[in-house]
Protein chains: 2
Amino acid sequence: MGDLKGACIIGQSGGPTAVINASAEGVIETALASEDITQVLGASHGIKGILADQLFDMGKEAPKELSLLKYTPSSALGSCRYKLKDSDEDDTDYKRILEIFQKYNVRYFFYNGGNDSMDTCNKISKYMQKVGYECRIMGVPKTIDNDLMGTDHCPGYGSAAKYIATSCMEVWQDAHVYDTGQVTIIEIMGRHAGWLAGASALATYEGYGPDLIYLPERDFDMDKFLADVERIYNDTGKCFVAVSEGIHYADGTFVSEAKTSATDGFGHAQLGGLAAYLSSVVKSRMDGVKVRGIELSLLQRCGAHLASKQDIMEAYEAGKAAVQAALAGETDKMIAFDRAYDAQGQYICKIKEMHLSEVANYEKKVPLEWINEEGNGVKQEFIDYAMPLIQGEPDTPKEDSLPRFAKLKKVLASGK
Amino acid sequence: MGDLKGACIIGQSGGPTAVINASAEGVIETALASEDITQVLGASHGIKGILADQLFDMGKEAPKELSLLKYTPSSALGSCRYKLKDSDEDDTDYKRILEIFQKYNVRYFFYNGGNDSMDTCNKISKYMQKVGYECRIMGVPKTIDNDLMGTDHCPGYGSAAKYIATSCMEVWQDAHVYDTGQVTIIEIMGRHAGWLAGASALATYEGYGPDLIYLPERDFDMDKFLADVERIYNDTGKCFVAVSEGIHYADGTFVSEAKTSATDGFGHAQLGGLAAYLSSVVKSRMDGVKVRGIELSLLQRCGAHLASKQDIMEAYEAGKAAVQAALAGETDKMIAFDRAYDAQGQYICKIKEMHLSEVANYEKKVPLEWINEEGNGVKQEFIDYAMPLIQGEPDTPKEDSLPRFAKLKKVLASGK
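These figures come from a predicted structure and were not determined experimentally.

## A word on the relation of the copies chain B and chain A
Note on the copies: chain B fits chain A at an RMSD of 0.0 Å, the axial shift is 0.0 Å, and the rotation between them is 180 degrees. Both copies of the chain, as the preceding transformation shows, are related through a two-fold rotation axis.

What follows is the structure in structure tokens.
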């Protein structure tokens, strides 16, 4: 084991997060410091950059700029959504990847992404084994959705959760400023899992957050929702609702995609998103009530200025650990986290490795027992889970009081 | 002059900002420290709280909580949108205000708001003079819209501008992550003036901002807009657009309110806002192109975590100066700012006073000569104007890494 000399490739894949570049920085800095790794290559737009032979020589970047990656949101190397076919079916891409690996003598491949990316890692690894090309392949997790199996949580989630909680606290203040009635509906990302929408409960825990929270783990019932809103509005004159974009009816139809609805009867395509749609339904039911729909949109996944320091640190460590494990001879693994608590009850994040096949193509949802009976809020277990993940402020360097993002030269590498 | 003993009222009015409470804190702390002011009363929901005799005794609040007001967004005392009738027409409200002023021996009134609020101040002041009730009335400016006449800028604008610029920089990163095409349209507040939308140019100045910016100061032409977007998209594969919610066609119709349009031909009511509408128009023109509409919504006016320290300080000083001026015998004035530069070219904010009648009911727009010829961007003059206003980070205290807002007891006051 160990002692495999050659170049490495780091690629980023899937939707961006506030800290995916922190993981890249962890990989790049650790790889650059290693004696076994002869060249550190950054793939332009993930696997697509490998197929297109668009690889940047990360050794040509200024160390100071690399150190800013941890404060730079989104994927600095570029990302992609590209699914490899099974190699039994069509091995064109695999042959091309092998060709590129040979061209640069790539012996280490680090892929930073969600469950699709882990699937990509797994497939490439199996192919390389089949053709007898020695290469160590490690996955580095990332997703604001927090839905990877086998890991306590995913890098990217804590920062998005903090953005959501903080924004909800601020919107609460705004939504309570007049003595007239108002219903506010905030739409949060999460197609299949409610981890992000649930994070709005951190705001409620602090005293300023949604009264009602709907996650995709429970079927959505429009009548029940309207009754919930009306009850709280009648009691308090306000109602603040958080919804996951992925809420769906009992038959599986996404509420956001329901073109017609017995409840609203509009019967035409909705231009706005879910928040706009639910606002229109509430308006038509509660005549004359002011309703505001707010969609957190991309802001929640790129809001690096509100990142969690804990998340940045863990993302960096995940990248570093992937390189260290590969150098020690590991392959076909994804870095994952276990949660522990010290004697003082302080949260500790422990790094472990998992087999790629245990992660690829699964989705982890919010446990049903963390959701309240009514299906319109989360329990203390969720707060206890999420709170440690949002801690600490990033030391983002500023210029003109605006964030100073990493500026990469992206010099194309030439072969070995 | 000077030497008028009695209570004071501080009221907040109009849409909230990130720093309106900093002005309230400036008024309250300065008034509490004064020997002439015998009681400091906070009006619940502005003028409505005076009419309803809902006044809080601010002397009963913990000083530590008052000191957190400068980091607490929205209007802590509650706001209102209430327009007084002319007293010649109907003096019911004025009689009631006089009654309340007499009940509490109110001799100082500080009203924190936009141009409608300055109109309210002016009317009350004239009435009090007419009936011979001695009372000094001062306006404290606030508005994210930055549209008050006679002042270089308004408290609240700098923080909203910083939120917009930072968010645009982050969204730019997200919108450029894939090598596939994308048009991103971000909708920014500002019904009649483009100061807020213009602030997105600060992001462009830093290297990551909108390619196109449309302000309400120039008529909007849908065909020209679509041609602009197509040109940039064809050149670069991306196009990032910022629009003011108040953009309108040459005939004055707001684009957001245009129910039918020759360009899109949908012909039905739009549920979403302007960004959703423009996205649909771009989609129907540029077939197959991915388009994202983002509305910054309430987030931009309550985003205290991204406030400008300069703005917080100036908002506080405006409140303080209002009390000091009133104590010195001034009345019927609004605090305003002049801009100066020191020998090193550093921005200095100078406080001045203006007559209420010079401010009430006027609107200050972005100078046309600061907008580019094409009407799709702003010039360096705008950058030079806005940049000093967003400087410095707030020292927001946190609990659980989330903002710790001021918690007021709001003890109702009893009469003198």
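## Focus on the nonpolar core
Membership of the largest hydrophobic core comes to 270 residues, with the highest contact counts inside it found for A:Cys8 and B:Cys8. In contact with B:Cys8, not counting residues within four places along its chain, are B:Ala31, B:Ile37, B:Val40, B:Leu41, B:Val106, B:Tyr108, B:Phe109 and B:Phe110.

## Concerning the pairing of strand 10 (residues 333-341) of chain B
Residues and elements named next belong to chain B. Where strand 5 (residues 136-141) lies against strand 10, two bridges are found, and the strand directions are parallel. Counterpart to Gly139 in the pairing with strand 10 is Met334. Where strand 10 hands over to strand 11 (residues 347-355), the hairpin turn is made up of five residues, of which Gly345 adopts a positive phi near 80 degrees.

## Section: the packing of helix 1 (residues 20-33) of chain A against helix 12 (residues 309-327) of chain A
Residues and elements named next belong to chain A. As a packed pair, helix 1 and helix 12 sit with axes 7 Å apart at the nearest point and diverge in direction by 40 degrees. On the basis of the axis angle, helix 1 is oblique to helix 12. In the packing of helix 1 onto helix 12, the handedness of the crossing is right-handed. Every residue of helix 12 that contacts helix 1 at Ala22, Ser23, Ala24, Glu25, Gly26, Val27, Thr30 and Ala31 is listed here: Ile312, Ala315, Tyr316, Glu317, Ala318, Gly319, Lys320, Ala322, Val323 and Gln324.

## Concerning the sheet that holds strand 4 (residues 106-113) of chain A
Residues and elements named next belong to chain A. Read from one edge of the open sheet, seven strands run 3-2-1-4-5-10-11, paired in mixed fashion. Looking along the sheet, the strands with just one partner apiece sit at the ends: strand 3 (55-57) and strand 11 (347-355). Averaged over all neighbouring strand pairs, the angle between strand axes comes to 30 degrees, with direction disregarded. The pairing of strand 4 with strand 5 (residues 136-141) spans six bridges and is parallel. Bridging across to strand 5, Gly113 finds its partner in Pro141. Together, strand 1 (6-12), strand 2 (37-43), strand 4 and strand 5 form the strand contacts of helix 1, whose direction differs from that of strand 1 by roughly 175 degrees.

## Re the interface of chain B and chain A
One frequently used descriptor of interface size is the decrease in accessible area upon assembly of the parts. Contact residues are listed per partner, giving 55 residues for chain B and 55 residues for chain A. Every element with two or more residues in the side of chain B that touches chain A is listed here: helix 6 (157-175), helix 10 (274-285), strand 9 (291-295), helix 11 (299-302) and strand 13 (402-403) of chain B. The residue makeup of the side of chain B that touches chain A, split by class, is 24 nonpolar, 20 polar and eleven charged.

## Things to note about the pairing of strand 9 (residues 291-295) of chain A
All names here are of chain A. Within strand 9, four of the five residues are buried, which leaves the element mostly enclosed by the surrounding structure. Direction of pairing for strand 6 (residues 182-188) relative to strand 9: parallel, over a ladder of five bridges. Within strand 9, the residue paired with Ile186 across the bridge is Ile294.

## Things to note about the confidence of the model for chain A
Residues and elements named next belong to chain A. Confidence along chain A averages 94 in pLDDT terms, with 96% of residues attaining 70 or more. Long-range and interchain partners of residues 259-270, a stretch whose pLDDT sits below 50, account for twelve contacts in this model, where long-range means more than four residues apart. Our summary of model confidence lists the complex with pTM equal to 0.96 and ipTM equal to 0.96.

## Description of helix 1 (residues 20-33) of chain B
For the α-helix, the turn length of 3.6 residues means that residues three or four positions removed from each other point alike. Residues and elements named next belong to chain B. Here helix 1 contains 14 residues, and its C-alpha end-to-end distance of 20 Å stays within 8% of the 20 Å for a straight helix at 1.5 Å per residue. The element helix 1 is extensively covered by neighbouring structure, given that twelve of its 14 residues are classed as buried. Here helix 1 has its buried residues at Ile20, Asn21, Ala22, Ser23, Ala24, Glu25, Gly26, Val27, Ile28, Glu29, Thr30 and Ala31. The inward-facing, buried residues of helix 1 contact strand 1 (6-12), strand 2 (37-43), helix 3 (63-67), strand 4 (106-113), strand 5 and helix 12 (309-327).

## Digging into helix 9 (residues 222-236) of chain B
Across its 15 residues, helix 9 of chain B extends 21 Å between first and last C-alpha, which sits within 8% of the 21 Å expected from 1.5 Å per residue. Buried residues belonging to helix 9 of chain B abut strand 6 (182-188), strand 7 (212-214), strand 8 (238-244) and helix 10 of chain B.

## Focus: the sheet that holds strand 5 of chain B
Residues and elements named next belong to chain B. One open sheet holds the seven strands; their spatial order is 3-2-1-4-5-10-11, and the pairing between them is mixed. Strand pairing shows two members of the sheet lacking a second neighbour, strand 3 (55-57) and strand 11, which therefore form its edges. Taking each pair of neighbouring strands and ignoring which way they run, the sheet shows an average axis angle of 30 degrees. Summarising the sheet, strand 10 and strand 11 pair through nine bridges and their orientation is antiparallel. Across the sheet, residue Ile335 finds its bridge partner in strand 11, namely Glu353. The strands touched by helix 1 within the sheet are strand 1, strand 2, strand 4 and strand 5, with strand 1 carrying the most contacts at an inclination of about 175 degrees.

## A closer look at the domain arrangement of chain A
Residues and elements named next belong to chain A. Structurally, chain A comprises domain 1 (6-145 + 303-361 + 391-403) and domain 2 (157-301). Distance between the C-alpha centres of domain 1 and domain 2: 34 Å. Taken together, the contact pairs 13 residues of domain 1 with 15 residues of domain 2. Across the side of domain 1 that touches domain 2, the residue classes break down as six nonpolar, five polar and two charged.

How each quantity is defined
- Residues numbered from 1 in each chain as written.
- Chains lettered and ligands numbered in written order.
- Predicted model: local features only at pLDDT ≥ 70, side-chain atom pairs only at ≥ 80, totals over all residues.
- Least-squares fit on C-alpha atoms with pLDDT ≥ 70 in both.
- Core = buried A, V, L, I, M, F, W, Y, C linked by C-beta atoms within 7 Å.
- Buried ≥ 20, exposed ≤ 12 C-beta atoms within 10 Å, placed from the backbone.
- Contact = placed C-beta atoms within 7 Å.
- Pairing = 2+ DSSP bridges.
- Helix = DSSP H or I, 4+ residues; strand = E, 2+ residues; numbered from the N terminus.
- Axes fitted to C-alpha atoms, helices over the stretch in contact; angles between N-to-C directions.
- Parallel < 35°, antiparallel > 145°, perpendicular 65-115°, else oblique.
- Left-handed = near helix turned anticlockwise from the far one by under 90°.
- Nonpolar A, V, L, I, M, F, W, Y, C, P; charged D, E, K, R; others polar.
- pLDDT = per-residue confidence, 0-100.
- Expected span 1.5 Å × (residues − 1).
- Domains from an automatic or database assignment.

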